[in-house]
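Single-letter residue listing:
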Amino acid sequence: MKLYKTKTGAVIEKDNAFYVVKNADWDTFLNDDALFEKLTKTINGMSPVADAASLLKQELQAPIQSQEVWASGVTYYRSKVGRQEESKESGGGDFYAKVYEAERPEIFFKATASRTVGHGGKVRIRRDSTWNVPEPELTLVVTSSGKIVGYTIGNDMSSRSIEGENPLYLPQAKTYDGSAALGPCIYVTEKPLPEDTRIEITISRKGKPVFNGDVTINQIKRKFKDLVSFLYRECSFPHGSFLMTGTGIVPSSDFTLHEGDEMSITIGPIGTLVNTVATNV
Ligand code: DO4
Ligand code: MG
């Protein structure tokens, strides 16, 4: 099942039929260890709507309200190598090799709703950054008790020039207005995602593809439950949280985003998240 956040409530999609839940409070609705059962019960006896496409076109929002967005780093080999390349001048390379092997993962605060855009929204690149990339990441939807109840698509927009200058600049490379995208929906399932679930990205410039990449989630070095367990060790999340699981797709070092580029990130069971790049919004 898929759960969409709209301006006036929520929409549940099951077997290509769409059910409108009016005035649902997103925080309360989402933060439920039995979310799958709740959605099943909610649509029981309801009639699907005929004009779901136009409703979602007008009303779709990022699937976040009071939750914090956190992110994991260097969870794929490609991310370790990319980071070592970008920080070789600053001598930061060792940090990435060590964290890739360490028991404790790299986890960092990424965004709140005010810095996050949804499907169709504009993400930003920083005006003081010269080298910028999207990071397409499977994102866990976690309740306040630490249970993973769903998955969404995340874009952990990153400045490689700022992070590469000094790893201590990571918060500035990662967190700024418009630095995160989530959406288009939350895929709610009781089963773990298949190991061969693929994350794909296409970046288009003036209508032409300039970068394509993909990775399957079985390439990740960490277990999702271990990432959640470290995040929840000493932090409480009264409304639940989103945890980006890290990128396994890093464009080669000569690639940087331009204003107006369109990024299309697909994760099979969830859907496609499309965003364009801006410097000012
Ligand atoms: O180590 C810096 C950030 C890493 C990251 O965001 C990723 O691997 O996805
Ligand atoms: Mg990342």
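Residues numbered from 1 in each chain as written. Chains lettered and ligands numbered in written order. Predicted model: local features only at pLDDT ≥ 70, side-chain atom pairs only at ≥ 80, totals over all residues. Heavy atoms only, no water.

## Remarks on the coordination of the magnesium ion (ligand 2)
Around the magnesium ion (ligand 2), the protein contributes the donor atoms Glu135 (OE), Glu137 (OE) and Asp156 (OD), which lie 2.0 to 2.1 Å from the metal centre. Judged by its relative accessible area of 4%, Glu135 falls in the buried class. The exposure class assigned to Asp156 is buried, which follows from its relative accessible area of 1%. (Donors = N, O, S within 2.8 Å, 3.2 Å for Na, K, Ca; no water. Buried < 20%, exposed > 50% of the residue type's maximum accessible area, 1.4 Å probe, protein only.)

## Observations concerning the UniProt feature "domain: Fumarylacetoacetase-like C-terminal" (unreviewed entry) in the chain
Here, the residues flagged by UniProt with the feature "domain: Fumarylacetoacetase-like C-terminal" (unreviewed entry) are residues 97-277. Taken end to end, residues 97-277 has its terminal C-alpha atoms 31 Å apart, with 14% of it in helix and 41% in strand. (UniProt positions renumbered as here; feature names shortened; annotations may be inferred. Helix = DSSP H or I, 4+ residues; strand = E, 2+ residues; numbered from the N terminus.)

## Section: the environment of Gly150
By secondary structure assignment, the location of Gly150 is in strand S11 (residues 148-156). As for Gly150 and Gly248, which are separated by 98 residues in sequence, their C-alpha atoms are 20 Å apart. Look past the residues within four positions of Gly150 in its chain and what remains in contact with it is Thr139, Leu140, Val141, Ile186, Tyr187 and Val188. (Contact = heavy atoms within 4.5 Å.)

## Some points on the site of ligand 1
In the region of ligand 1, 16 residues are neighbours, and Val74, Ser79, Glu106, Lys174 and Thr247 sit closest. For ligand 1, an oxygen atom lies 3.0 Å from a polar atom in the side chain of Asp156. Within the contact set of ligand 1, an oxygen atom lies 2.7 Å away from a side-chain nitrogen or oxygen of Lys174. Its free accessible area being 270 Å², ligand 1 has 99% of it covered by the protein chains. Sorting the residues of the shell around ligand 1 by element identifies strand S5 (68-73), helix H4 (77-86), strand S6 (106-111) and helix H7 (170-174) as the ones contributing at least two each. Considered class by class, the residues forming the shell around ligand 1 number four nonpolar, five polar and seven charged. (Near = heavy atom within 4 Å. Polar contact = N/O pair within 3.5 Å; in protein donor to acceptor, adjacent residues only side chain to side chain. Areas by Shrake-Rupley, 256 points an atom, 1.4 Å probe, with all protein chains shown as cover. Nonpolar A, V, L, I, M, F, W, Y, C, P; charged D, E, K, R; others polar.)

## Concerning the packing of H4 against helix H5 (residues 93-101)
Packing of H4 against H5 leaves a shortest axis separation of 8 Å and a crossing angle of 165°. Judged by the inter-axis angle, H4 sits roughly antiparallel to H5. Where H4 crosses over H5, the handedness of that crossing is right-handed. The residues of H5 that touch H4, namely those facing Tyr77, Lys80, Arg83, Gln84 and Glu86, are Gly93, Tyr96, Ala97 and Tyr100. In terms of residue class, the contact of H4 with H5 is made up of four nonpolar, two polar and three charged. (Axes fitted to C-alpha atoms, helices over the stretch in contact; angles between N-to-C directions. Parallel < 35°, antiparallel > 145°, perpendicular 65-115°, else oblique. Left-handed = near helix turned anticlockwise from the far one by under 90°.)

## So, the pattern of salt bridges
Scanning all chains against the criterion turns up 14 salt bridges. Arg126 is paired through a salt bridge with Asp128; the nearest N and O atoms lie 2.7 Å apart. Owing to a relative accessible area of 17%, Arg126 belongs among the buried residues under this scheme. With its nearest N and O atoms 2.4 Å apart, the salt bridge here joins Asp214 to Arg198. Linking Asp214 in strand S15 (residues 208-216) with Arg198 in strand S14 (residues 198-205), this pair joins segments that are 16 residues apart in sequence. For Asp214, a relative accessible area of 43% gives the class partly exposed. Each of Arg83, Glu86, Lys110, Glu135, Asp156, Arg160, Glu163 and Lys174 takes part in salt bridges that share partners, so that together they form one network. (Salt bridge = Lys/Arg side-chain N within 4 Å of Asp/Glu carboxyl O.)

## A few points about the pairing of S14
Here S14 runs beside S15; their pairing, made up of eight bridges, is antiparallel. From the neighbouring strand, Ile199 faces S15, where its bridge partner is Val215. Adjacent in sequence and paired antiparallel, S14 and S15 are bridged by two residues, among which Lys206 carries a positive phi angle near 50°. (Pairing = 2+ DSSP bridges.)

## Comments concerning the domain arrangement of the chain
By the assigned domains, the chain splits into domain 1 (2-61) and domain 2 (68-278). Each of domain 1 and domain 2 has a C-alpha centre, and these two points are 26 Å apart. For the pair domain 1 and domain 2, the two sides together bury roughly 1400 Å², of which 61% comes from carbon and sulfur. Of all residues in domain 1, the largest losses of buried area upon contact with domain 2 belong to Lys2, Asn31 and Asp33, amounting jointly to 39% of the total for that side. Between domain 1 and domain 2 we count zero salt bridges in total. (Domains from an automatic or database assignment. Buried area = accessible area lost by both parts, 1.4 Å probe.)

## Structural notes on the environment of Thr28
Considering the arrangement of structural elements, one finds Thr28 in helix H1 (residues 26-30). For Thr28 and Tyr169, which are 141 residues apart along the polypeptide, the C-alpha to C-alpha distance reads 35 Å.

## Details of the sheet that holds strand S18 (residues 271-278)
Here five strands make up an open sheet; going across it, the order is S8-S18-S17-S14-S15 and the pairing mixed. In the strand order of this sheet, the two ends are held by strand S8 (122-124) and S15, each with one partner. For this sheet, the mean angle separating the axes of adjacent strands, direction not counted, is 25°.

## Concerning the nonpolar core
One finds Leu138, Ile199, Leu257 and Met263 to be the most contacted residues of the largest nonpolar core, which totals 44 residues. Broken down by element, the residue count for this core peaks at five residues, all from helix H8 (residues 224-232). The two domains that each donate at least three residues to this core are domain 1 (2-61) and domain 2 (68-278). (Core = buried A, V, L, I, M, F, W, Y, C linked by side-chain atoms within 4.5 Å.)

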